[in-house]
Amino acid sequence: SHSVHKITSGQVVIDLQTAVKELVENSLDAGATSIEVRFKDYGLKSVEVIDNGSGIAPEDYDSVGLKHHTSKLASFEDLSTVLTFGFRGEALSSLCALSEAVTVTTATASEAPMGTILELDRNGRVKSRSEKTARQRGTTVAITGLFRPLPVRRKELERNAKREFGKALNLLSAYALVPCAKENKGVRLTVSNQPEVGRKTVQLRTDGTPSTRASISSLWGPRSLENLVDLDLCFQVQTEKSVLKRRTITEGEDSGTQVRVRGLVSKFAVGCGRAATDRQFFYINGRPCNPSKVQKAFNEVYRTFNATQSPFIVADFILPTNTCDINVSPDKRTIFLHSENNLVAGLKVSCILRSILHLI
Ligand code: ADP
Ligand code: MG
């Protein structure tokens with residue numbers, strides 16, 4: 001029933017930042033190289049994500065907003081090796097259930113420069129389909145009145161609008177820096193806000209260069225590059241017995257897992273820029289995530305070296321996909337790793353990290 005749907009949807013899209021994240025991930029999954037995010041009134045009025053990705057084919061119009069409809073997963077076995085951000089087909093259907101209105105404007109290469117506007121109803125069904133409208137290849141998803149169907153949640157969003165907006169911006173920064181992980185694929189990202197009163201302002205902009213340094217420079221200015229050094233570590237992690245069993249491998253044949261950590265970190269010299277903990281970005285295989293214990297450990301180690309501030313960190317943990325269970329938590333920010341204790345034990349950030357870290 002509709003109310004059951006509302007409850008489960010609420011777990012996928014828990015706040016403004018997860019709503020935005022789902023939309024941006026869909027754009028990235030569609031191969032977009034340019035993504036524009038337009039907030040109106042800090043997202044209270046609407047959020048619009050405009051991309052130049054593959055677009056949605058007309059035969060898929062009726063299913064995009066339906067629960068568990070995804071174009072990204074061929075079989076259940078694929079779950080262990082998914083490379084796309086989405087695969088559950090829950091985001092758009094959740095957003096439909098949790099918003100006042102959801103509008104999708106899309107064109108594939110064969111329809112462009114003409115596209116179609118789809119209005120989806122609360123159940124994700126196509127309520128109306130426009131005549132052709134001008135649209136280059138790509139997709140625009142506009143969400144109006146997020147959480148209006150849930151008055152308590154809506155009140156909360158209104159009360160904390162600027163803070164929630166700030167969190168969404170921080171998450172978007174993490175996606176702007178993803179090129180460090182997925183090499184040779186820079187994304188041009190523009191984020192703007194149009195407040196209720198006053199002028200529209202650009203909040204973030206990257207030029208699409210596939211370089212983390214270039215993205216950092218365009219996000220926070222060239223001075224923020226001072227004192228940054230490359231982070232590139234490799235180490236071996238033994239697979240845990242429970243995983244061996246699950247994957248029916250015996251201990252003898254297991255050679256462990258190669259882990260690589262790549263990114264940038266500020267030197268722990270005094271006065272290493274204005275890095276604060278909101279300038280710390282962690283990824284697993286290019287997926288932004290919050291491994292809070294790793295983050296805590298990094299900061300603690302810095303403190304033992306007399307650093308007065310928290311370091312600036314961009315760190316991508318590159319692991320074989322069959323060693324991590326991604327997307328286990330509904331918001332996909334918590335990534336579960338097989339062998340996490342072993343991985344953590346092997347994580348020694350050169351001579352900086354001596355302590356045993358615990359991922360997650
Ligand atoms: P998932 O990403 O898990 O497949 P979603 O609910 O996020 O599920 O999206 C449903 C489907 O809608 C996707 O599988 C995709 O086919 C299509 N879709 C959504 N957003 C876009 C987009 N920006 N560009 C192209 N296709 C999209
Ligand atoms: Mg998705």
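Residue numbers restart at each chain and count upward from 1, following the sequence in its written direction. For this description, chains carry letters from A and ligands carry numbers from 1, given in the order in which they are written. Only residues with pLDDT of 70 or above have their local features reported here, since the model is predicted, and side-chain atom pairs are shown and tallied only from 80 upward, although totals for entire chains, interfaces and linings are computed over all residues.

Secondary structure elements follow DSSP: runs of H or I no shorter than four residues count as helices, runs of E no shorter than two count as strands, and numbering proceeds from the N terminus. What the protein chain contains, in helices and strands, is nine helices and 16 strands. Partly exposed residues are those whose C-beta has more than 12 but fewer than 20 other C-beta atoms within 10 Å; with 20 or more the residue is buried, with 12 or fewer it is exposed, and the C-beta atoms are placed from the backbone. Per-residue burial for the protein chain yields a buried fraction of 39% across its 360 residues. Pairs at least 24 residues apart make up 65% of the contacts formed inside the protein chain by residues separated by at least 6 positions. Residue pairs are scored as contacts if the distance between their C-beta atoms, which are placed from the backbone, is within 7 Å.

Taking 1.5 Å as the rise per residue, helix α2 (residues 16-29) with 14 residues should run 20 Å; its terminal C-alpha atoms sit 20 Å apart, in good agreement. Taking burial as the measure, the 14 residues of α2 include twelve buried ones, the bulk of the element. In the core, the buried residues of α2 are packed alongside β1 (34-40), β2 (46-51), α3 (91-98), β7 (138-146), α4 (151-159) and α5 (161-176). One or two residues past the end of α2 sits glycine 31, with phi positive at roughly 80°. A helix is expected to reach a length of 1.5 Å times the quantity of its residues less one.

Attention now moves to unusual backbone geometry. Residues apart from glycine generally show negative phi values, whereas peptide bonds are mostly found in trans. Each neighbour pair has its own omega, and for alanine 112 with proline 113 the value is 10°, a cis peptide bond. Here proline 113 lies in the loop between β3 (99-107) and β4 (114-120). The backbone phi angle of aspartate 41 is positive, close to 50°, even though this residue is not glycine. When you line up the elements, aspartate 41 lands in the loop between β1 and β2. C-beta crowding within 10 Å serves as the criterion here: with 15 such atoms nearby, aspartate 41 is assigned to the partly exposed category. For phenylalanine 147, which is not glycine, the phi torsion reads 70° and is therefore positive. Counting through the fold element by element, phenylalanine 147 comes out in the loop between β7 and α4.

Parts of the model with low pLDDT should not have their predicted coordinates read in detail. Residue-level confidence of the predictor is summarised by pLDDT, bounded by 0 at the bottom and 100 at the top. Summary statistics for the protein chain give a mean pLDDT of 77 and a share of 67% for residues scoring 70 or more. Every residue in residues 269-275 is under pLDDT 50, and counting partners more than four places away or in other chains gives 18 contacts. Segment residues 348-360: pLDDT under 50, and 32 contacts once partners within four positions in sequence are set aside and those in other chains are kept. Overall fold confidence (pTM) sits at 0.82, and the ipTM for the predicted complex is 0.99.

Here we come to the packing of α2 against α5. It is the contact of α2 with α5, at a shortest axis distance of 8 Å, that shows an interaxial angle of 30°. Here α2 is positioned roughly parallel relative to α5, judged by the angle of their axes. Relative to α5, the crossing made by α2 is right-handed. Contact residues: α2 offers Leu16, Gln17, Val20, Lys21 and Val24, while α5 offers Glu164, Phe165, Lys167, Ala168, Leu171, Leu172 and Tyr175. Residue composition of the contact of α2 with α5, by class: eight nonpolar, one polar and three charged. Axis angles are defined between N-to-C directions and span 0 to 180 degrees, where every axis is a line fitted to C-alpha atoms and, for a helix, only to the segment in contact. If an angle is under 35 degrees, it is roughly parallel; if it is over 145, roughly antiparallel; if it lies from 65 to 115, roughly perpendicular; otherwise it is oblique. Handedness of a crossing follows from how the near helix is turned relative to the far one, being left-handed for an anticlockwise turn of less than a right angle and right-handed for a clockwise one. Note on residue categories: nonpolar means Ala, Val, Leu, Ile, Met, Phe, Trp, Tyr, Cys or Pro, charged means Asp, Glu, Lys or Arg, and polar means any other residue, Gly included.

Before going further, it helps to spend a moment on α5. Residues separated by three or four positions in an α-helix point in the same direction, a consequence of the helix having 3.6 residues per turn. If you check α5, its first and last C-alpha atoms are 22 Å apart, about what 16 residues at 1.5 Å a residue would give, namely 22 Å. Buried residues of α5: Glu164, Phe165, Ala168, Leu171, Leu172, Ser173, Tyr175 and Ala176, and no others.

Looking now at the pairing of β4. Sheet topology places β3 next to β4; five bridges connect them, and they run antiparallel. Within the sheet, the bridge partner assigned to threonine 106 lies in β4 and is threonine 116. Two strands qualify as a pair provided DSSP detects at least 2 bridges between them. Here β3 folds back onto β4, and the loop between the two strands holds six residues. In terms of strand pairing, β4 meets strand β6 (residues 133-134) through two bridges, oriented antiparallel. Following the sheet pairing, glycine 115 is matched in β6 by threonine 133. With three bridges connecting them, β4 and strand β5 (residues 126-129) associate as antiparallel partners. By the bridge assignment for β5, leucine 120 is matched with valine 126. The turn linking β4 back onto β5 is made up of five residues, and glycine 124 within it adopts a positive phi angle of 80°.

A few words on the environment of threonine 33. Structurally, threonine 33 is set in the loop between α2 and β1. Between the C-alpha atom of threonine 33 and that of lysine 45, which follows or precedes it by twelve residues, the distance is 26 Å. With sequence-adjacent residues up to four places away left out, threonine 33 is seen in contact with Asn52, Val187, Arg188 and Gly208.

With that settled, consider the nonpolar core. Here, a nonpolar core means buried Ala, Val, Leu, Ile, Met, Phe, Trp, Tyr and Cys residues linked by C-beta atoms lying within 7 Å of one another. By size, the foremost hydrophobic cluster in this structure holds 66 residues, and its most contacted members are Ala19, Val20, Val24, Val37, Leu95 and Leu172. For the domain bounds, the source is a domain assignment made automatically or taken from a database. Each of domain 1 (2-220) and domain 2 (226-346) gives at least three residues to this core. Ignoring sequence-local partners within four residues, the contact set of alanine 19 consists of Val13, Val47, Leu95, Ile143 and Leu146.

On the secondary structure map, threonine 103 appears in strand β3. Residue threonine 103 is classed as partly exposed on the basis of its 18 C-beta neighbours within 10 Å. Sequence spacing of threonine 103 and lysine 67 is 36 residues, and the spatial spacing of their C-alpha atoms is 16 Å. When neighbours within four sequence positions are excluded, threonine 103 is seen to be in contact with Ile117, Leu118, Glu119 and Ala142.

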